[in-house]
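Chain by chain, the residues:
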Amino acid sequence: MNQFTDRKPTATEAASHIKLMGFDVDGTLTDGGLYFGNEGEVMKRFSVFDGQGLRLLMDHGIKVIWITARSSAIVEKRAKDLGIYQLVQGCKTKLQAYDDIRQLLGLEWNECGFFGDDWPDYPVLQQVALAASTQHSPAAMKTTANWINTRPPGDGAARELCDFILSHQPGYQNPWEAT
């Protein structure tokens, strides 16, 4: 399934071709903490800074999807508020979910990226052109990744990645720097 027979592209090479960017949720878009009350999950912390980065990707025409192993009404609300193209929750095989969306959009793997931090994300990171991970990920994940964030997850990590992608997209002009 993987078209990278000789080498994975550099993060810069991959970012310039991204048309579909996927994100795990816990540990990338959030700090990874799970807060439970007597009635179940009660809170997740999302960064508006990260949300703005996702909006910038989408405004540039990049489809943004979230694929997460957990299910949460909180995640569903945040995805809806941001206008995320597709949210897949309770997913045990993230690669299959990602591949189904990729094929539906008629995209090649070299037009795809994913930001994940733990083992359920590993098969997707092996497949996509832009494999993004976190500093706290297991060593094998970081070895597979061609981009690793420097900002904390849930506090600018996704925005850092979005800005990186956009800075390498052909024709992208930062709307605040436009003349």
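Here the structure is shown first, and the text comes after it.
Residues numbered from 1 in each chain as written. Predicted model: local features only at pLDDT ≥ 70, side-chain atom pairs only at ≥ 80, totals over all residues. Heavy atoms only, no water.

Attention now moves to the overall build of the protein. Across its full length, the protein holds seven helices and eight strands. Relative to the compact-globule value of 16 Å for 179 residues, the protein shows a C-alpha radius of gyration of 15 Å, a close match. When its C-alpha atoms are laid out on the principal axes, the protein stretches across 50 × 45 × 30 Å. Looking at the 179 residues of the protein, the share that counts as buried comes to 48%. For the protein, restricting intrachain contacts to residue pairs at least 6 apart in sequence, the fraction spanning at least 24 positions comes to 58%. Roughly 8,700 Å² of accessible area belongs to the protein as shown, and the carbon and sulfur atoms make up 51% of that amount. Charge separation in the protein, taken as the distance between the mean sites of 17 positive and 22 negative side-chain charges, equals 2 Å. (Helix = DSSP H or I, 4+ residues; strand = E, 2+ residues; numbered from the N terminus. Rg over C-alpha atoms; globule rule 2.2 N^0.38 Å. Buried < 20%, exposed > 50% of the residue type's maximum accessible area, 1.4 Å probe, protein only. Contact = heavy atoms within 4.5 Å. Areas by Shrake-Rupley, 256 points an atom, 1.4 Å probe, with all protein chains shown as cover. Lys, Arg positive; Asp, Glu negative; His and termini not counted. Charge placed at Lys NZ, Arg CZ, Asp CG, Glu CD.)

Now for a nonpolar patch on the surface. On the surface, a nonpolar cluster with roughly 270 Å² of combined accessible area is contributed by Y35, V42 and M43. Among the structural elements, M43 can be located in strand β3 (residues 40–43). Among the residues examined, M43 registers a relative accessible area of 43% and is labelled partly exposed. (Patch = residues over 30% accessible without salt bridge, like charges linked within 9 Å, V, L, I, M, F, W, Y side chains within 5 Å. Salt bridge = Lys/Arg side-chain N within 4 Å of Asp/Glu carboxyl O.)

Spanning twelve residues, helix α4 (residues 94–105) covers 17 Å between terminal C-alpha atoms, matching the ideal 16 Å at 1.5 Å per step. Of all the residues in α4, the buried ones are K94, A97, Y98, D99, I101 and R102. Contacts made by the buried residues of α4 are with β1 (20–23), β4 (63–67), β5 (86–88), β6 (112–115) and α5 (122–127). G106 lies just past α4 and shows a positive phi near 70°. (Expected span 1.5 Å × (residues − 1).)

Core analysis: the largest hydrophobic core is formed by 32 residues, its most contacted members being M21, F23, L54 and W66. Not counting residues up to four positions away in its chain, the partners in contact with L54 are F23, L29, V64, W66, L82, I84 and C162. Grouped together as the second largest cluster of nonpolar side chains are 17 residues, I65, V88, Y98 and V128 included. (Core = buried A, V, L, I, M, F, W, Y, C linked by side-chain atoms within 4.5 Å.)

On to the pattern of salt bridges. Summed over the entire model, instances satisfying the criterion amount to ten salt bridges. A salt bridge links R45 to D155; the nearest nitrogen and oxygen atoms lie 3.8 Å apart. Of this pair, R45 sits in the loop between β3 and α2 (48–59) while D155 sits in the loop between β8 (147–148) and α7 (157–167), and the two are 110 residues apart along the sequence. When its relative accessible area of 33% is taken as the criterion, D155 is described as partly exposed.

The subject of this paragraph is the side chain of K94. Locating K94 in the fold gives a position in helix α4. A relative accessible area of 3% means that K94 is categorised as buried. When sequence neighbours within four positions are dropped, the list of residues in contact with K94 reads D24, I67, T68, A69, P120, D121 and V124.

Right, let's get into α2. The terminal C-alpha atoms of α2 lie 16 Å apart, and with twelve residues this matches the ideal 16 Å at 1.5 Å per residue to within 8%. Considered for burial, the residues of α2 that qualify are D50, G51, G53, L54, L56, L57 and M58. Buried residues along α2 sit in contact with β1, β4, α3 (73–82) and α7. Capping of α2 at its N-terminal end is provided by S47; its side-chain oxygen lies 3.1 Å from the backbone amide nitrogen of F49. A positive backbone phi angle near 100° is found at G61, which sits one or two residues after α2. (Polar contact = N/O pair within 3.5 Å; in protein donor to acceptor, adjacent residues only side chain to side chain.)

The full count for this structure, using the stated rule, is seven aromatic pairs. Between the aromatic rings of Y98 and W109, the centroid separation amounts to 5.6 Å while the plane-to-plane angle is 20°, which identifies the pairing as stacked. Highlighted residues: Y98 in helix α4 and W109 in the loop between α4 and β6, separated in sequence by eleven residues. Consider the rings of W119 and Y122, whose centres lie 5.2 Å apart with planes at 65°: the pair is edge-to-face. A residue is classified by how much of its surface remains accessible, and W119, at 46% relative accessible area, is partly exposed. Among the residues examined, Y122 registers a relative accessible area of 21% and is labelled partly exposed. (Phe/Tyr/Trp six-rings, centres within 6.5 Å; stacked < 30°, edge-to-face > 60°.)

Just distances and angles here, no functional claims.
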